[in-house]
Amino acid sequence: MTNDNKTDGSSQLWGGRFTGKPDERFAEFNRSFGFDIRLFEADIRCSIAHANGLAGAGVLSPEEADSVTGALRTMLELAANDPDYMLLDVEDVHSFIETRLIEFVGDLGKKVHTGRSRNDQVATAFRLWMRDETDALIGKVGNVLSALVSLAERHKSAVIPGYTHLQRAQPVLWTHWCLAYFEMLSRDIERLADARKRINVMPLGSAALAGTAYTIDREAVAHELGFEDVSRNSLDAVSDRDFAVEFASACSLVMVHLSRLAEDLILYCSQEFGFVKLGDAVSTGSSLMPQKKNPDALELLRGKAGRVFGHQMALLTMMKGLPLAYNKDMQEDKEAIFDTADTVAVCLDVAAITLNNVTLNEQKAREAAAKGYLNATELADYLVRKNVPFRTAHDAVGRLVLAGLEKGKELNELSVSEMQAVVPEINEGVYEALSIESTLRSKSATGGTSPVRVAEALAEARARIEE
Ligand code: ARG
């Protein structure tokens, strides 16, 4: 009756139908305990709920269920207090828990796998783990949002040049720039929260592929584990990992946003721009060039995006050709998701720290916003107010810019007569229109960079993070 065919020198959950031993290299290749050990706590929680489900189905007596769940809880403590407790030569975390449970409660431990498979077990434990991780990441994105709001509040009325094609385009408030990233990362929170809904569905009770043969109250088990719902189809439940792909995808977009934020700041703290000073806390020096101060924190935020995208692509590729239902290929989901979660978590922490170490050189940024014809569109709008059709005004201002370039003057440095020589509609009032202040003020529609709109947006952002 017993499985003594412990071919890899340890405990394994199968072996009865085997006469030969696994090749050692293959056993190592097959083994996931080195990484799925991270599911230990989640898998214990699932096993406790499953044991209660078995008691409900009459497979375990109430006393048996109590001994099993008590032992499983004690195993959490043993693992927390004794690092050696986790040292066991087993195939995966599920084998580990069952082996230790049998050590603990004897043959009773051999009943706990009744009516379940590692296929629904792993999908359930993985979802539990990812649910917690999603909550943690949402909190960390929230910290970056707070850092962006504080950074805006430190330089409330500062102006920077806004760019398109990395060419100076129109002036914007520094706060407007900060809040652009606030919006992007707020959507990331929504995406993570949305992915969480589909993560939070319980596969347990699907068994290997066909469903469990015992009258386990799946809804009660789900309730105990805090799952919002139970899966509706056992083949689907053990074999899809779309929830992992969605999580990776939401994480990829977080990284796109952190990477662009990093890129902007890398440019802004270069000597060529000189808008931003990065604190020593998030900078490094050169081993050779004594003068150097490098934005390594920002460069790593940009650089680490690639590995997260890579994991997402790996997951999609791993899934696309799999026949229903479970296939061992899917064991590859763990390392992809673990590294995704770890990478995004540390990047969010470092992003918040870095933003807290950013200081804007308000004068330099303003000077840059005043040079390079950033008020040209404003001049066209001025002419539109004088009833010149926009396309005609655009062309006239283009010619004025050309005249300014020849004379080495900004638009507002040209005299009225110099301007009138090209565009007769212009008069003295033009200088007021060309100021940075009025350029900003005019962008007063919702979402624009006028000081009034931006102050409202900042107050709203502050309220949102305090919620
Ligand atoms: N370590 C496996 C995984 O992560 C657990 C499930 C194993 N199931 C199986 N039928 N071999 O996918």
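The structure we're discussing is the one just above.
Here is a short report on the structure shown in this document. (Residues numbered from 1 in each chain as written. Predicted model: local features only at pLDDT ≥ 70, side-chain atom pairs only at ≥ 80, totals over all residues. Heavy atoms only, no water.)

One finds Met130, Trp174, Trp177, Phe247, Leu265, Tyr268 and Ile337 to be the most contacted residues of the largest nonpolar core, which totals 111 residues. Tallying contributions element by element places helix α10 (residues 242–268) first for this core, with 16 residues. Among residues more than four places away in sequence, those in contact with tryptophan 177 are Leu151, Ile160, Leu261, Asp264, Leu265 and Tyr268. Grouped together as the second largest cluster of nonpolar side chains are 20 residues, Leu379, Tyr382, Val397 and Leu414 included. (Core = buried A, V, L, I, M, F, W, Y, C linked by side-chain atoms within 4.5 Å. Buried < 20%, exposed > 50% of the residue type's maximum accessible area, 1.4 Å probe, protein only. Helix = DSSP H or I, 4+ residues; strand = E, 2+ residues; numbered from the N terminus. Contact = heavy atoms within 4.5 Å.)

In contact at an axis separation of 9 Å, helix α14 (residues 376–385) and helix α15 (residues 390–407) are set at 135 degrees when each is read in the N-to-C sense. In terms of orientation, α14 and α15 fall into the oblique class. In this structure, α14 meets α15 at a crossing whose hand is right-handed. Contact residues: α14 offers Ala376, Leu379, Ala380, Asp381, Leu383 and Val384, while α15 offers Phe390, Ala393, His394, Ala396, Val397, Leu400 and Val401. A class-by-class count of the residues in the contact of α14 with α15 yields 11 nonpolar, 1 polar and 1 charged. (Axes fitted to C-alpha atoms, helices over the stretch in contact; angles between N-to-C directions. Parallel < 35°, antiparallel > 145°, perpendicular 65-115°, else oblique. Left-handed = near helix turned anticlockwise from the far one by under 90°. Nonpolar A, V, L, I, M, F, W, Y, C, P; charged D, E, K, R; others polar.)

Let's shift gears to the site of the ligand. All residues in the neighbourhood of the ligand are listed as Ser32, Asp36, Asp92, His94, Arg118, Asn119, Val122, Tyr326, Gln331 and Lys334. Within the side chain of glutamine 331, a nitrogen or oxygen atom sits 2.7 Å from a nitrogen atom of the ligand. Separating an oxygen atom of the ligand from a side-chain N or O atom of lysine 334 is a distance of 2.6 Å. Contact with the protein chains covers 87% of the free accessible surface of the ligand, which is 340 Å². Top element by residues in the shell around the ligand is helix α6 (residues 118–154). It accounts for 3 residues. (Near = heavy atom within 4 Å. Polar contact = N/O pair within 3.5 Å; in protein donor to acceptor, adjacent residues only side chain to side chain. Areas by Shrake-Rupley, 256 points an atom, 1.4 Å probe, with all protein chains shown as cover.)

Moving on, we come to the packing of aromatic side chains. Under the defined criterion, the tally for this structure stands at 14 aromatic pairs. With a centroid separation of 5.5 Å and 80 degrees between ring planes, the pair formed by phenylalanine 273 and phenylalanine 275 is classed as edge-to-face. We classify phenylalanine 273 as buried; its relative accessible area is 15%. Among the aromatic residues, those joined into a ring-pair cluster are Tyr163, Trp174, Trp177, Tyr181, Tyr268, Phe273 and Phe275. In this structure, arginine 127 is placed above the aromatic ring of phenylalanine 243, and the distance from its NZ or CZ to the ring centre is 3.9 Å. (Phe/Tyr/Trp six-rings, centres within 6.5 Å; stacked < 30°, edge-to-face > 60°. Lys NZ or Arg CZ within 6 Å of the ring centre and 35° of its normal.)

Moving on, we get to the environment of leucine 360. Tracing the backbone shows leucine 360 in strand β6 (residues 358–360). Judged by its relative accessible area of 5%, leucine 360 is buried. For the pair leucine 360 and arginine 31, spaced 329 residues apart in sequence, the C-alpha separation works out to 52 Å. Beyond its immediate sequence surroundings of up to four residues, leucine 360 is in contact with His155, Ala158, Ile160, Trp174, Phe275, Val276 and Ala365.

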